[in-house]
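Descriptive structure summary
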Amino acid sequence: MSQPRIDEDEARSLARALVADLPPARTPVRDFLAAQFDRGLAWINHPPGHGGLGADVRLQAAVNHVIKEAGGPDAFEINPIGHGMCAPTLVVWGTEEQKRRHLRPLFTGEEIWCQLFSEPGAGSDVAGLAARARRDGAEWVADGQKVWTTMAHRSSWGLLIARTDPDAVKHQGLTAFLLDMSAPGVEVRPLYQLTGEAEFNEVFLDGVRIPDAARLGRVGDGWKVVLTTLMNERVSIGGVIPPRGSGPIARLVERYRELARTDPATARLHTGAVADLWVRAEVLRLANIRLSQLRTGDTPGPEGSISKIIAADLNKDVYSELVTLMGAEGLLYESYDKVRPVLAMEYSTPQKAFLRSRANSIEGGTSEVMKNVLAERVLGLPGDPRADKDVPWRDIPRS
Amino acid sequence: MSPTVDFTYTDEQLELRGVLRKYLAAHSPESVVRELMDSAGGYDRAQWKDLADQLGLQGLLVPEEYGGLGLGATELGVVMEELGAHLACLPFLSTSVLATTVLLSADGEAAAAWLPGIVAGEVTATVAVTEGRGAWDPAAITTEAVPACGGRYLVTGVKTFVPDGHTADLVLVAARSGGELLLLAVEADTPGLSRHPHSTMDQTRRFATLEFGGAPATPIGGDAAKALDRAHHVALAALSAEQVGGAQRCLDMAVEYAKNRFQFGRPIGSFQAIKHKCADLLILIEAARAASAFALWSADADAEGLPLAAAMAKVTCSEAFFRAAADNIQIHGGIGFTWEHPAHLYFKRAKSSELLWGDPALHRERISRLLELTV
């Protein structure tokens, strides 16, 4: 259990000391992040020695703010999956040895991480996944295919969930592993999406040997590990709090103002739509602040899904309106040359952002499944009748 | 840079919510609401007095020097949310929000004359601003105040959609004297004031047309334009909290019903068509809570940002409450369309609140102006 041992002022002064001792402008990024980790300012809620001070998770925002103001690096941007999802999972489920081995290089960006959950046959129903891991002495042998793997082509490590017991019901037959992405039998291929870019990968596992020491949590606890990761994913996708009027809505307003100068008659037709989107963006921002202020524990609850659902719809609507404001120019597209972006979800053109935004309500949990979660876990509505309940995984019908 | 918004509640604020919730459960159950809906006045004077004696809520915004509680807009939000959840038939929005806010901007004499009576639950009050179709637009006021003897005025004109205008003991009327906008106190039994209650779609919230035919009035001092502006925005923020309270109650009713109503051998809440409707409402209400709390916080901490925050709250909370009230009827099916079921009471309140002091389209237009998006 983390106890609030320090307060916000102390957290801020520790961060100030960090940027004073290692001025970001003159310090290599990795050295800065290593020091940030060693001083417990990486994930302030983590235990001492694992990048934290055992403090209240909300103090991290104050620390990040000081570092950002001072021009310091952003560990999340460098290693988004590792920082936002794998680390919070490791700190909950890892052995002391695993935490000591992995958290520091993950935070400094020396070792990039990816998560290997989704499969072609297991999208919304991740717990139905089919990649197998069979025990072989002190090792496991993994076979199968993963998909939609962000950063896999640059990753040193992957958080893998595999089926270790096909005779158990689906949620109970899973186990988590820390997969060395350079191990023989791991093949990473780009997955081109409808924007023409390959932000994601397919990962093929063919007889990959994993030492039992790289198992995360107990055999059969894989689904619990997944839940820890996914709850953090929802926060890292839906819960970022930008300043008022920034981000996609700023692009929309800027384009609108340009149109108002060049073609006021057309702009006038869109004033209401732009104002409406601005209000939705601002209210989401306020709702995120509110949820973060009211949040108590370290692990976000299902309420995190609320922000994610709102953000997905808003982002789709903002970019759709942005391309609409472009008029005929919106018919054009820069290039469909197959490329790999350096940073995931980086903004380049309105048209690309518009196309990319379609995934917002699919990735990290479809809005439909999230509504089920909200209805069942927050509102307490009864679950759907399920065809896979109490059935051994191997007997569940699948496509 | 504006100060940082704070959405957390203190223990005292949570306690206030608990106490009021208990009070309203006992004193404003659905049976009482239905009784008062059918009454001429629309509220029970004895209950209003009892609320003042027990909880002193009428003086929530009133400083202690006038006998009030001296609390802020966050507490106001807590109270409005509970009143909205219970559809409490009380002249709170008119007396303790609108009129009180106006009196707090007036000169000390007027405040000292009226606030103690309001705090004690002995005087109800309202503000008569709107004319014609009911838009809150001080610039368009045509009601005239003509100077008479002893610093008093005679007021002539017609005010429409005055909240609780038929029962208020004190009417604070906005009128023009030459080019100047004034706020004047008119006592209800003054000759020259005739009051015509409307038959309202939402029977739990009453409005009246007030005809002033040379009614004697005392100016309350202060800057009337500023006072009205503030009262408008504080009232919108308060209304938004009431809308949140109503919306949440609708969702609670819908969820409860969806869990217990069986069709096709299953609770209807296990169908995604119903489940997703409920989840959508949860999402809308969560956004509405943030918008409302921000407007309330702005009322205390960021006067400059208040007009935008209040308009955003009006837009967001109106849409959330209307949708919650409408979907609550839909989820209930046939029973939700009956007179005996309370769903229609919330639906009518939702539409009435949506239209009061400007619909979402009008407030979006105001937002466009404030953001300088208007071409």
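This brings us to the overall build of chain B. When helices and strands are counted, chain B shows 11 helices and 9 strands. Against the globule reference of 21 Å for 375 residues, chain B gives a C-alpha radius of gyration of 21 Å, in line with a compact fold. Counting only residues that meet the buried cut, chain B has 60% of its 375 residues in that class. The long-range fraction of contacts in chain B, counting pairs at least 24 apart against all pairs at least 6 apart in sequence, stands at 74%. Surface exposure of chain B reaches about 14,500 Å², of which carbon and sulfur atoms provide 54%.

Further remarks concern the environment of P397(A). Residue and element names in this part refer to chain A. Mapped onto the elements of the fold, P397 is located in the segment after α12 (367-378). A relative accessible area of 64% means that P397 is categorised as exposed. Between the C-alpha atom of P397 and that of A387, which follows or precedes it by 10 residues, the distance is 8.4 Å.

Contact with chain B, which involves 37 residues of that partner, is made by 41 residues of chain A. Summed over both sides, the interface of chain B with chain A buries roughly 3,500 Å², with 72% coming from carbon and sulfur. Counting across the chain B and chain A interface gives 5 salt bridges. D276(A) is paired through a salt bridge with R364(B); the nearest N and O atoms lie 2.9 Å apart. Elements represented by at least two residues in the side of chain B that touches chain A include exactly α7 (224-260), β9 (266-267), α8 (272-301), α9 (306-332) and α11 (360-370) of chain B. Residues belonging to the side of chain B that touches chain A are distributed by class as follows: 20 nonpolar, 8 polar and 9 charged.

Residue and element names in this part refer to chain B. A full pass over the atoms with the stated rule returns 5 cavities of 30 Å³ or more. Taken as a whole, the largest cavity encloses approximately 210 Å³ of empty space. The wall of the largest cavity is formed by 20 residues, among which A88, L90, D164, T204 and R205 lie closest to the centre. Looking at the lining of the largest cavity, the elements that each hand over two or more residues are α4 (73-86) and α5 (92-104). Per-element accounting of the lining of the largest cavity gives the leading share, 3 residues, to α5. Among the residues making up the lining of the largest cavity, the classes are represented as 10 nonpolar, 5 polar and 5 charged. Here the lining of the largest cavity spans two domains, and each of domain 1 (11-119) and domain 2 (125-222) adds at least three residues to it. There is about 150 Å³ of room inside the second largest cavity. Elements represented by at least two residues in the lining of the second largest cavity include exactly α4, α7 and α8. The greatest single-element share of the lining of the second largest cavity, amounting to 5 residues, is contributed by α8. Here the lining of the second largest cavity is composed, by residue class, of 8 nonpolar, 4 polar and 4 charged.

This next bit is on the domain arrangement of chain B. Residue and element names in this part refer to chain B. For chain B, the domain assignment lists domain 1 (11-119), domain 2 (125-222) and domain 3 (226-370). A straight line from the C-alpha centre of domain 2 to that of domain 3 covers 30 Å. Facing the 14 residues of domain 2 at the interface are 13 residues of domain 3. For the pairing of domain 2 and domain 3, the buried interface totals around 1,300 Å² over both sides, and the portion due to carbon and sulfur atoms is 69%. Looking at the side of domain 2 facing domain 3, the largest losses of area belong to W136, M201 and R205, adding up to 49% of the total buried there. Across the domain 2-domain 3 interface, the total number found is 2 salt bridges. With its nearest N and O atoms 2.8 Å apart, the salt bridge here joins E242 to R205.

Residues and elements named next belong to chain B. Taken as a whole, the second largest pocket holds about 730 Å³ of empty space. When contributions to the lining of the second largest pocket are tallied by element, the ones reaching two or more residues are α7, α10 (343-355) and α11. The element best represented in the lining of the second largest pocket is α7, accounting for 5 residues. Residue composition of the lining of the second largest pocket, grouped by class: 12 nonpolar, 9 polar and 7 charged. Residues lining the lining of the second largest pocket come from more than one domain, with at least three contributed by each of domain 2 (125-222) and domain 3 (226-370).

For the rest of this paragraph, the subject is the environment of G54(A). Its place among the elements puts G54(A) in the loop between α2 (29-38) and α3 (59-69). Residues G54(A) and E10(A) lie 44 residues apart in sequence; the distance between their C-alpha atoms is 13 Å.

Residue and element names in this part refer to chain A. If you walk through the whole model with that rule in mind, you get 49 salt bridges over all chains. Among the salt bridges present, the one from D125 reaches K170, with a minimum N-O distance of 2.6 Å. With D125 in the loop between β1 (113-116) and β2 (132-136) and K170 in the loop between β4 (157-163) and β5 (174-180), this residue pair connects regions lying 45 residues apart in the sequence. By relative accessible area, D125 is classed as partly exposed at 37%.

All names here are of chain A. The pairing of β2 with strand β3 (residues 139-146) spans 5 bridges and is classified as antiparallel. Following the sheet pairing, R135 is matched in β3 by W140. As consecutive antiparallel partners, β2 and β3 are separated by 2 residues, and within that stretch G137 has a phi angle of approximately 65°, a positive value.

Definitions and limits used
- Residues numbered from 1 in each chain as written.
- Chains lettered and ligands numbered in written order.
- Predicted model: local features only at pLDDT ≥ 70, side-chain atom pairs only at ≥ 80, totals over all residues.
- Heavy atoms only, no water.
- Helix = DSSP H or I, 4+ residues; strand = E, 2+ residues; numbered from the N terminus.
- Rg over C-alpha atoms; globule rule 2.2 N^0.38 Å.
- Buried < 20%, exposed > 50% of the residue type's maximum accessible area, 1.4 Å probe, protein only.
- Contact = heavy atoms within 4.5 Å.
- Areas by Shrake-Rupley, 256 points an atom, 1.4 Å probe, with all protein chains shown as cover.
- Buried area = accessible area lost by both parts, 1.4 Å probe.
- Salt bridge = Lys/Arg side-chain N within 4 Å of Asp/Glu carboxyl O.
- Nonpolar A, V, L, I, M, F, W, Y, C, P; charged D, E, K, R; others polar.
- 1 Å grid on protein atoms, 1.4 Å probe; cavity = no way out; pocket = protein on both sides within 12 Å on 5 of 7 lines; lining within 4 Å.
- Points joined across faces, edges and corners; volume = space filled by probe spheres on them.
- Domains from an automatic or database assignment.
- Pairing = 2+ DSSP bridges.

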